[in-house]
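As a plain string of letters, each chain reads:
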Amino acid sequence: MVSEVKQEMVRPLRDTLFSVDTVQEDFVFNERVVEVFDDMLDRSVPFYREVISSSARLLDSYLHSGDTVYDLGCSTGTTLLEFCRLLEDKGLHFVGIDSSGPMLEKAQLKAELYRKQESIRFIEEDITDMHHPDAGAFILNYTLQFIRPLRREAFLRNLHSSLRPGGILLLSEKIISHDQRLNREFIDIYHQFKKARGYSELEIAKKREALENVLIPFSIEENRSMLKQIGFTTVETYFQWFNFTSLIAVKAS
Ligand SMILES: C[S@@+](CC[C@H](N)C(=O)[O-])C[C@H]1O[C@@H](n2cnc3c(N)ncnc32)[C@H](O)[C@@H]1O
Ligand SMILES: O=C(O)C(=O)C[C@]1(C(=O)O)C=C[C@@H](O)C=C1
């Protein structure tokens, strides 16, 4: 396929999903979401690009040549493509896993467009059922929050046992605070952030409603103690902006 055609096929549409007066449904990763997804992430996740480049620094420091990095809930492959660029000479293998076929089709097209199709393997799979032993790193960006709370601990336990000694899990999530006032403030500041990026108050409110029973955030403490409980020796925050955070969890060597 000629690259102009590919370029056109991967160009994200502007995210106006919640601007029209349609019947409110729960948020799902369907084809309509895939079409606008890259624009949605760029405008809805604070410091999205910086989190990716900071994560690359940690991979650079903890991983060795021959290690495999699994991006769980890789969506359209943005993170792995950026890792490929930033960690080009490190000799790492990259695998993206997602249960959404349309997300992976777009990821594959993007990889072809940037000539990285030999460097990244995409697999359509449920990340809560998978088994990939001897991993160097698992990336779990804005995805654990969509897994039912009761299933999270067993899922993370499986990741811990699949990591090689000294391997790492990088976890980015939306979070809550159990201090009610701070929680309200953080959400309010986040909504101002979205407004400044072109979302209307109606769009913000409608998306919030659509995510209500679908995206269930934990606090930093809850995520940290779950990771410690299942055996990660070190858990540290490497990024936080109000109600968004990134944690690194290290498996003992
Ligand atoms: C918010 S998006 C992740 C964004 C992506 N990590 C990034 O940083 O660009 C969540 C993704 O997880 C996928 N997902 C949700 N539950 C899943 C599951 N059980 N197994 C595999 N993929 C899942 C969705 O299809 C979606 O692509
Ligand atoms: O727009 C919001 O309110 C968000 O929470 C953004 C958010 C996320 O944090 O996961 C929610 C859903 C989409 O998958 C992408 C980003």
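This one's a predicted model, so the numbers in the text were calculated from it and none came from an experiment.

Trainee: I would appreciate a short explanation of the site of ligand 2 in the present structure.
Mentor: Residues in contact with ligand 2 amount to 17 residues; listed here are only the nearest, Gln145, Lys174, Tyr190, Lys194 and Lys207. Between glutamine 145 and ligand 2, the recorded distance is 2.7 Å, taken from a side-chain N or O atom to an oxygen atom. The contact in question runs from an oxygen atom of ligand 2 to an N or O atom on the side chain of lysine 194, over 2.5 Å. For ligand 2, the protein covers 97% of the area, taking 360 Å² as the surface of the free molecule. Listing elements by their share of the shell around ligand 2, those giving two or more residues are helix H2 (31–44), helix H7 (180–196) and helix H8 (201–211). The greatest single-element share of the shell around ligand 2, amounting to 4 residues, is contributed by H2. Split by residue class, the shell around ligand 2 holds 12 nonpolar, 2 polar and 3 charged.

Trainee: Sorry if this is basic, but what is going on with the site of ligand 1 here?
Mentor: Taken together, 18 residues lie around ligand 1, and Tyr48, Gly73, Ser75, Asp98 and Ile127 are the ones closest in. One of the backbone N or O atoms of glycine 73 is found 2.8 Å from a nitrogen atom in ligand 1. For ligand 1, whose unbound accessible area comes to 610 Å², protein coverage reaches 92%. Considered class by class, the residues forming the shell around ligand 1 number 8 nonpolar, 7 polar and 3 charged.

The rules we used
Residues numbered from 1 in each chain as written. Chains lettered and ligands numbered in written order. Predicted model: local features only at pLDDT ≥ 70, side-chain atom pairs only at ≥ 80, totals over all residues. Heavy atoms only, no water. Near = heavy atom within 4 Å. Polar contact = N/O pair within 3.5 Å; in protein donor to acceptor, adjacent residues only side chain to side chain. Areas by Shrake-Rupley, 256 points an atom, 1.4 Å probe, with all protein chains shown as cover. Helix = DSSP H or I, 4+ residues; strand = E, 2+ residues; numbered from the N terminus. Nonpolar A, V, L, I, M, F, W, Y, C, P; charged D, E, K, R; others polar.

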